[in-house]
Amino acid sequence: MAARPRAAAGSERTATMVDRTRELAALRAGLRDAESGTARVVVIEGAAGVGKTALLQATRDEALAAGFRALWARSPHLATAAPYELLRRLLGPEVMRLGGPGALSGAAAFAAPLFSPGAATVAGVDYGCHWLLAALTDEGPLLLAVDDAHWADAESLRILADTAEDLQNAPFGIVVTARPASDPLVEAMLDRLATIEGARVLRPGPLTESGVAAVLRAAFGAAPDPAFTQACAQASGGNVFYLRELVRPLVAAGRPPTAGTAAELAATGPDALIRTVRWRLGELGPAATAVAQAAAVLGDDTPLRHVEALAAVDEAAVPAAALRAASILARAEPVGFPHPLVRAAVEQTIHEGQLGRLHARAARVLQQASAPAAQVAKHLLRAPPAASPGVVDLLAGEARHDLESGSPATAHQLLARALAEPPAPAERPALLLALAGAERATGAQAKAREHLAEVVETGSRELSICAMAELFELLYEVDDEDAAAGLRRRAIAAEPYGNTPAEIRLHSTLLMHVATGLAEPAPARLIDVDLEALPTGSGEQRRLLLYAAVHRRGTGHCPPAEFLAHLRRAVHDLPGRRPLTYWEVMAALESAAYLASVEAMPDADRVLARLRPEVARLRHIAPDLQAEWSHRTVLNRLRCGRFEEAQVMLGEAERFAERHGLTLYVRSAQSARGCIHLERGDYAEAARHLRRGAGEAFYLTALAELLSGRPAEALAGLALPSDPAAAVTEREIEFEAHLVASHAYERLGDRDRARHEAEREVAVRRRHGPPFRLALALRRRATFAPAREAVEMLAEASAAATGTPRLPVLARVQASYGAALRRAGRLREARTELAAALDCAVRLDMPGLATKLTAEIHAAGGRPRRTRVTGVSALTDSQAAVARLAAEGRTNREIAETLYVTIKTVETHLAAVYRKLAVPGREHLGAAMGAGR
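Under an unreviewed UniProt entry, the protein has the name AAA family ATPase and belongs to Paractinoplanes pyxinae.

Laid out in structure tokens, this is it:
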């Protein structure tokens, strides 16, 4: 349940509101913005005791008065090691209000295990909480008030930041209080919250002298003497908590706030509080001291029986009552301190070495009481290493559970601590392998690389092979081909040809490298795979099937129809009754890429649609899957001419890749932008983006060089075989390298070589396809042919392109065919082809091509008709899907949840829909969409 706010009654609450006009005004402004539909985040930073909690409670009270649903939670001490603990406290009461975990529906149902007692959290809990918060904003304005966020877990704070970014136009507000966090991951999440667009950071300062006087007036019931006020201000430093502690004994003794009484003031501040607490504990005796120190170690809300066991006293209730009377404890069952400063002061009375030993004992006490492993692990993180196998096992087990449930930040902490225990030498590689997984998920790619390399060298054969497979994936993500080349030699020497998942995974990776020309020569055992006999029971096996088929195609022994059949088998009958594994998703994503490349675009789109919920569920523990899915989806949109949709996706995809350190996918976003500019005829911008995005991709590098006016450099990058009789390589099949080479030679004035490259491309496509690439090859070859022969080639190209979903290709082929017909004097046929091409170019927003086509139609004696670029027909598929759901009355959140996109993406699509349909809002969509049918 959400923790009750640490609200003091009457005078204390009034006291902390002194000198806070500026802060209260900023908080009220944030509430007004949130109420009007603009999400706001406010971070209240300051030292302990400055009054942050009172400001938070005042904000919550005003929100409730304004009709907000206000959820409050306080992060307890040591909560950083408990994944999703803050969200459990924050959202638990709301889940019960909605009918319990079983009542959660849609994407929010992924969060159900978090609120089900005894249930293990699984991957996707973070995704479910995100959508649960979004659903709550549909009910009305929502405020999340989080106290002591510096003690929160990083996973919960990340979800709050993600939600705040996604709900920018929702009635949603987040207010958190925080001090500097000791956990760098938590500090990073607090920084992210503070820098979200529109966020405010408030830093309440110390009380002024007039503010101190107001607090004293409320405490004593009389106006204080100026000398007394000045002495109190000086002694407390203007800290509200210290000021109250300073005068509390005087108020209790009935002393007046006069100049004479000022001499009785004791020093205050952290050191003085520690001395005061130490003195009080000394007065209360050893048993009370032991109970107080045990409570400080275990933290607020701990059952008294656990405190009693840690303190090693026979009956803790008596000393606990004495501690309450001395205002060291606020309550005894469960224990709780009146303020974090008091708990910290008690903790400071424990000698440094003894504190770690108490945390170690606390772990044992909790373990003996059958407390959850996560609760035990909190204390082990603060206990000194003791070379205990049991500690290593507990931390490693909890870390693996956290990794599987989507909490890599917490898993990272636990694994690092397990390694410090330290483990037995034989156990270290397994821990390093798990740690590298957590590091990859949290964006620490350099550390993951270092740890994987150590496992390759020191682990058992199985662990070494696992590490090599993981390291290849990492090197791919950071785009380091040089390092991959060295690892390849080591991996081939390991002969990973067995049937374990790790060996199959590494085998498939090496096959991919051989097929794409990155590794040669290849041992016979690596490439001799019986494709027809390969099973598809696991993701690793499906991936091996994929790359064995790719390799066979590259050797010329797998015709297009057979290759397509293997691709379809690699994605056939994916399990539907259980969540997919990482490698099932990855194999399907890579298969979808090849399906798209061989013109099986509907198959590719179906696979991507099937994987969308799986990728969403795994996006935090396996961000590379989300990045790969986004990349493949963007490319498919781009290839089909859906540039507007591709651009909407690109911004989010690039931000996601940057956040997770996925260099390759950041570059891929740049390359995709370059391709869009290329299709639209802006070659300078295309070259600029392609140069930034090419990285190690030879084809994109060559294309960027060509567009930049450096044809010789483009040819050098392509490194095509000089022997006309050379066997066709996988690179030639998968990329249109000869087309780029043809243009490069023509730029250099070598038309004969340019024609030769075009002929080579035609030959490759006649054998390997697919039809759209044959159409492009024929289009290029026709530029070197006499007029009549060019018309025949382009007629064949037009027939090959007919029915392709790659509309930009169709438009270009039609444009070339129409122009050839005009030059041949067949004007009526030319006008028909040119008009169709122009209609396509305008609809796709390809202005460069549209301009050329307009001139061609005029030259053919025609008049270009105006193509409709508004109305229902002008909507992209994604825009139409969003518009239909909005017309049915779905909210933006419901639409986003249904389509597995962000709410921001829905808002972007709706803005385009309103513009194209010329309607002012969603209430008019039903009529507009109906009229367009």
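Structure shown, so let's carry the discussion forward.
A few points about the overall build of the protein
Within the protein one finds 47 helices and seven strands. When each of the 933 residues of the protein is scored for burial, the buried share is 58%. For the protein, long-range pairs separated by at least 24 residues make up 67% of all intrachain contacts whose partners lie at least 6 apart in sequence. For the protein, the computed accessible surface area is about 37,400 Å², with 53% contributed by carbon and sulfur atoms.

Observations concerning empty space enclosed by the protein
The final tally for this structure, using the stated rule, is five cavities of 30 Å³ or more. In this structure, the largest cavity is lined by Gln626, Ala627, Ser630, His631, Val634, Leu650, Ala653, Ala657, Tyr665, Ser668 and Ala669. Among the elements of the structure, helix 30 (623-639), helix 31 (643-659) and helix 32 (663-679) are those that each provide at least two residues to the lining of the largest cavity. Taken together, the residues of the lining of the largest cavity sort by class into seven nonpolar, four polar and no charged. Volume-wise, the second largest cavity comes out at about 60 Å³. What lines the second largest cavity is simply Leu27, Gly30, Leu31, Ala34, Arg40, Val41, Val42, Thr59, Leu143, Gly173, Ile174 and Val175. Residue assignment for the lining of the second largest cavity shows that the elements contributing at least two residues are helix 2 (21-35), strand 1 (40-45) and strand 4 (172-178). Considering each element in turn, the lining of the second largest cavity owes the most residues, four residues, to helix 2. Of the residues in the lining of the second largest cavity, the class split is eight nonpolar, three polar and one charged.

Examining the environment of asparagine 636
Considering the arrangement of structural elements, one finds asparagine 636 in helix 30. Among the residues examined, asparagine 636 registers a relative accessible area of 4% and is labelled buried. It is 34 Å that separates the C-alpha atoms of asparagine 636 and threonine 38, two residues lying 598 residues apart in sequence. Excluding its chain neighbours within four sequence positions, the residues that come into contact with asparagine 636 are Ala596, Met601, Ala604, Asp605 and Leu608.

A closer look at helix 7 (residues 184-194)
Within helix 7, the full set of buried residues consists of Val186, Met189, Leu190, Arg192, Leu193 and Ala194. Those residues of helix 7 that are buried are in contact with strand 1, helix 6 (154-166), strand 4, strand 5 (200-202) and helix 31. The opening residue of helix 7, the one whose side-chain oxygen lies 2.8 Å from the backbone nitrogen of leucine 185, is aspartate 183.

Concerning the environment of arginine 97
Relative to the elements of secondary structure, arginine 97 occurs in helix 4 (residues 85-97). Not counting residues up to four positions away in its chain, the partners in contact with arginine 97 are Arg69, Leu136 and Glu139.

Considering the sheet that holds strand 4
Pairing in this open sheet of five strands is parallel, and the strands run 2-3-4-1-5 from one edge to the other. Bordering the open sheet on either side are strand 2 (69-74) and strand 5, each of which pairs with just one other strand. The average undirected angle you get between the axes of adjacent strands in this sheet is 15°. Bridge count between strand 3 (residues 142-147) and strand 4: five bridges; the pairing is parallel. Its bridge partner lying in strand 4, valine 146 is registered against valine 176. Helix 3 (residues 52-65) rests against strand 1, strand 2, strand 3 and strand 4 of the sheet, and its axis sits at about 165° to strand 3. Those strands touched by helix 6 are strand 1, strand 3 and strand 4, and its axis lies near 145° from that of strand 4.

Structural notes on the state of the cysteines
Enumeration according to the criterion identifies zero disulfides in this entry. With no disulfide of its own, cysteine 640 lies closest to cysteine 840 among cysteine sulfurs, the gap being 11 Å. Here cysteine 640 falls in the buried class, since its relative accessible area comes to 10%.

Quick notes on the nonpolar core
Counting residues in hydrophobic clusters, the biggest one holds 188 residues, and the most contacted among them are Ile328 and Leu611. With eleven residues, the top contributor of residues to this core is helix 22 (residues 461-478). Excluding residues within four positions of it along the chain, leucine 611 makes contact with Leu574, Leu580, Val585, Ala588, Leu589 and Trp629. Within the second largest apolar cluster, 72 residues are counted, among which are Ala107, Cys129, Ala170 and Ala880.

As for the pattern of salt bridges
One pass over the structure, following the stated rule, counts 76 salt bridges. The closest approach of N and O atoms between arginine 505 and glutamate 470, which form a salt bridge, is 3.8 Å. With arginine 505 in helix 24 (residues 501-515) and glutamate 470 in helix 22, this pair connects stretches of sequence that are 35 residues apart. Glutamate 470 gets classed as partly exposed once you look at its relative accessible area, which sits at 21%. A salt bridge links glutamate 897 to arginine 893; its shortest N-O distance comes to 2.7 Å. Here arginine 893 and glutamate 897 lie together in helix 45 (residues 892-899), a separation of four residues that amounts to about one turn.

What to know about the packing of aromatic side chains
For the coordinates displayed, the defined rule picks out ten aromatic pairs. With a centroid separation of 6.3 Å and 85° between ring planes, the pair formed by phenylalanine 563 and tyrosine 594 is classed as edge-to-face. Of this pair, phenylalanine 563 sits in helix 27 (residues 560-571) while tyrosine 594 is found in helix 28 (residues 582-597), placing the two residues 31 residues apart along the sequence. Residue classification places phenylalanine 563 among the buried positions, given a relative accessible area of 1%. Here tyrosine 594 falls in the buried class, since its relative accessible area comes to 10%. With 5.6 Å between their ring centres and 25° between their planes, tyrosine 699 and phenylalanine 735 make a pair best called stacked. Placement of the pair is tyrosine 699 in helix 34 (residues 698-707) and phenylalanine 735 in the loop between helix 36 (730-734) and helix 37 (737-747), with a sequence separation of 36 residues. Assessed through its relative accessible area of 31%, phenylalanine 735 is described here as partly exposed.

Brief notes about the confidence of the model for the protein
Looking at the protein as a whole, the pLDDT averages 89, with 96% of positions reaching at least 70. Segment residues 1-16 is flagged for pLDDT under 50; beyond a separation of four residues in sequence, or across chains, it makes 32 contacts in the model.

Thoughts on helix 6
For helix 6, built from 13 residues, the straight-helix expectation of 18 Å at 1.5 Å per residue is met to within 8% by its first-to-last C-alpha distance of 18 Å. For helix 6, a buried count of twelve out of 13 residues is recorded, marking the element as mostly surrounded by other parts of the structure.

Considerations on the pairing of strand 4
The buried count for strand 4 comes to seven of seven residues, which makes it a mostly enclosed element. Judged by which residues are buried, strand 4 turns out to be covered on both faces: Phe172, Ile174, Val176 and Ala178 on one side and Gly173, Val175 and Thr177 on the other are all buried. Pairing between strand 1 and strand 4: six bridges, direction parallel. From the neighbouring strand, valine 41 faces strand 4, where its bridge partner is isoleucine 174.

Description of the packing of helix 6 against helix 7
For the pair helix 6 and helix 7, the least separation of the axes is 9 Å and the interaxial angle reads 15°. By the angle between their axes, helix 6 is roughly parallel relative to helix 7. Here helix 6 and helix 7 pass one another in a crossing that is left-handed. Mapping the contact onto sequence places Ala154, Leu157, Arg158, Leu160, Ala161, Asp162 and Glu165 in helix 6 and Leu185, Val186, Met189, Leu190, Arg192 and Leu193 in helix 7. When its residues are assigned to classes, the contact of helix 6 with helix 7 shows nine nonpolar, no polar and four charged.

Topic: the side chain of glutamate 473
By the secondary structure assignment, glutamate 473 is in helix 22. Taking the relative accessible area as the measure of exposure, glutamate 473 reaches 6% and is therefore buried. Residue contacts for glutamate 473: discarding those within four places in its chain leaves Arg440, Thr509, Arg543, Tyr582, Trp583 and Met586.

Definitions and cut-offs
Residues numbered from 1 in each chain as written. Predicted model: local features only at pLDDT ≥ 70, side-chain atom pairs only at ≥ 80, totals over all residues. Heavy atoms only, no water. Helix = DSSP H or I, 4+ residues; strand = E, 2+ residues; numbered from the N terminus. Buried < 20%, exposed > 50% of the residue type's maximum accessible area, 1.4 Å probe, protein only. Contact = heavy atoms within 4.5 Å. Areas by Shrake-Rupley, 256 points an atom, 1.4 Å probe, with all protein chains shown as cover. 1 Å grid on protein atoms, 1.4 Å probe; cavity = no way out; pocket = protein on both sides within 12 Å on 5 of 7 lines; lining within 4 Å. Points joined across faces, edges and corners; volume = space filled by probe spheres on them. Nonpolar A, V, L, I, M, F, W, Y, C, P; charged D, E, K, R; others polar. Polar contact = N/O pair within 3.5 Å; in protein donor to acceptor, adjacent residues only side chain to side chain. Pairing = 2+ DSSP bridges. Axes fitted to C-alpha atoms, helices over the stretch in contact; angles between N-to-C directions. Disulfide = S-S within 2.5 Å. Core = buried A, V, L, I, M, F, W, Y, C linked by side-chain atoms within 4.5 Å. Salt bridge = Lys/Arg side-chain N within 4 Å of Asp/Glu carboxyl O. Phe/Tyr/Trp six-rings, centres within 6.5 Å; stacked < 30°, edge-to-face > 60°. pLDDT = per-residue confidence, 0-100. Expected span 1.5 Å × (residues − 1). Parallel < 35°, antiparallel > 145°, perpendicular 65-115°, else oblique. Left-handed = near helix turned anticlockwise from the far one by under 90°.

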